[in-house]
Amino acid sequence: TRDLPFTVLPGIRITTTSLPPATVGADYSQPLAATGGEGQLLWGLIGNAPTGITVTSAGVVTGRPVREGTTNILIQVRDARGAQDTRNFQFTILA
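This structure is a prediction, so every number in the text was calculated from the model and none was measured.

Engineer: When you look at the environment of proline 21 in this model, what are you seeing that I'm missing?
Structural biologist: Here proline 21 shows up in the loop between strand 1 (13–14) and strand 2 (22–23). For the pair proline 21 and valine 66, spaced 45 residues apart in sequence, the C-alpha separation works out to 13 Å. Setting aside its immediate chain neighbours within four residues, proline 21 contacts Tyr28, Thr92 and Leu94.

Engineer: Even after reading the chapter, I still don't get the pairing of strand 7 (residues 60–63), so can you show me in this structure?
Structural biologist: In summary, the side chains of a regular strand alternate between the two faces of the sheet. Strand direction decides the pairing type here: strand 3 (residues 28–31) and strand 7, joined by four bridges, are antiparallel. Bridge pairing in strand 7 links glutamine 30 to valine 61. When strand 6 (residues 53–55) meets strand 7, the two strands line up antiparallel, connected through three bridges. When the sheet's bridge partners are listed, valine 55 is paired in strand 7 with valine 61. In textbook terms, the turn of a hairpin is the stretch between consecutive antiparallel strands, and for strand 6 and strand 7 this stretch comprises four residues, one of which, glycine 59, has a positive phi near 90°.

Engineer: What is the right way to read the environment of arginine 78 from this model?
Structural biologist: Relative to the helices and strands, arginine 78 resides in strand 8 (residues 69–78). Taking the C-alpha atoms as reference points, arginine 78 and tryptophan 43, 35 residues apart in sequence, are found 6.5 Å from one another. Leaving out residues up to four positions away in the same chain, arginine 78 has contacts with Ile12, Gln40, Leu41, Leu42, Ala83 and Gln84. Looking at arginine 78, its side chain comes within polar contact range of the side chain of glutamine 76, at 3.5 Å.

The rules behind each value
Residues numbered from 1 in each chain as written. Predicted model: local features only at pLDDT ≥ 70, side-chain atom pairs only at ≥ 80, totals over all residues. Heavy atoms only, no water. Helix = DSSP H or I, 4+ residues; strand = E, 2+ residues; numbered from the N terminus. Contact = heavy atoms within 4.5 Å. Pairing = 2+ DSSP bridges. Polar contact = N/O pair within 3.5 Å; in protein donor to acceptor, adjacent residues only side chain to side chain.

Rendered as structure tokens:
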């Protein structure tokens, strides 16, 4: 047998815990944050967001919502090794 060296990297974790409300027809921009992982982080939505809202690959919830209401959006971050984390956010859009 032989000993093989290896490094245990910290897991990736979304640290943003909530999203502030948006307003119909107003520009919205809210950066997301994560810890751990290796290399570039890529962000995205799993499923759908309210009309007019998206998540950039750099981790910003952005857009101009068109309809009021509250919904849940599932956001994912992935690192260069393929490690990932997801978090469900309640997202409110005010009139």
